Amino acid sequence: MATAPNAAAYCRRCGVMFQAEDRYCRNCGYDSAAPLGASVPTGTPAEASSRRRSAAALLCFFLGVFGAHRFYAGRIGTGLLWLFTFGLLTFGMLFDLILILAGEFRDAEGRKILVW
């Protein structure tokens, strides 16, 4: 009796494809064994940064025009750009603050900074 190759499944929350034998979505951390209406992920996504979103948000709010949040995230090059351009005339700092609060800001390795 032939067995089917590893079937792919799709996350019910974010729609990303993952292996059927995986329990948690690697993108959003959704537990595939949870009831369909469950809205809170049970774990942190595997690709999330180890840096804290609260620290990045506070650094951006108070010292964002100097690029402190970018240095914290390991993005040294753009941190220097923010430092010498006064946070790209504060527009870049405000944009980064929105990204951080929305959970879309990434560290130097390209991982989202998600954990508060």
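Computed from a predicted structure; not experimentally measured.

Student: Describe the pattern of salt bridges, listing the residues and the values that go with them.
Tutor: What the rule picks out here adds up to six salt bridges. For Asp-107, the salt bridge is made with Arg-111, and the minimal N-O distance between the two is 3.3 Å. For Arg-111, a relative accessible area of 30% gives the class partly exposed. Each of Arg-51, Asp-107, Glu-109 and Arg-111 takes part in salt bridges that share partners, so that together they form one network.

Student: Residue-level account of unusual backbone geometry, with values.
Tutor: If you check the backbone angles, Leu-88 has positive phi at about 50 degrees while not being a glycine. Given the relative accessible area of 33%, Leu-88 is considered partly exposed. One non-glycine residue, Thr-90, lies in positive phi territory at about 70 degrees. Inspection of the secondary structure assignment puts Thr-90 in the loop between α4 (86-89) and α5 (91-102). Using a relative accessible area of 26% as the deciding quantity, one classes Thr-90 as partly exposed.

Student: Can you lay out the side chain of Arg-53 for me, pointing to particular residues and giving the numbers?
Tutor: Structurally, Arg-53 is set in helix α1 (residues 53-63). Polar side-chain contacts of Arg-53 include one of 3.5 Å to the backbone oxygen of Ile-100.

Student: So what's going on with the packing of aromatic side chains? Which residues, and what values?
Tutor: Here a ring pair, both rings aromatic, is described through the centre-centre distance and the interplanar angle of the planes. One pass over the full model with this rule turns up two aromatic pairs. Ring geometry for Phe-61 and Phe-62: centres 5.0 Å apart, planes at 90 degrees, overall edge-to-face. We classify Phe-62 as exposed; its relative accessible area is 59%. Aromatic pair Phe-66 and Phe-86: ring centres 6.2 Å apart, planes at 85 degrees, arrangement edge-to-face. In this pair, Phe-66 is assigned in the loop between α1 and α2 (68-72) and Phe-86 in helix α4, connecting sequence segments 20 residues apart. Above the plane of the ring of Phe-105 lies Arg-75, whose end atom (NZ or CZ) is 5.2 Å from the centre.

Procedures and definitions
- Residues numbered from 1 in each chain as written.
- Predicted model: local features only at pLDDT ≥ 70, side-chain atom pairs only at ≥ 80, totals over all residues.
- Heavy atoms only, no water.
- Salt bridge = Lys/Arg side-chain N within 4 Å of Asp/Glu carboxyl O.
- Buried < 20%, exposed > 50% of the residue type's maximum accessible area, 1.4 Å probe, protein only.
- Helix = DSSP H or I, 4+ residues; strand = E, 2+ residues; numbered from the N terminus.
- Polar contact = N/O pair within 3.5 Å; in protein donor to acceptor, adjacent residues only side chain to side chain.
- Phe/Tyr/Trp six-rings, centres within 6.5 Å; stacked < 30°, edge-to-face > 60°.
- Lys NZ or Arg CZ within 6 Å of the ring centre and 35° of its normal.

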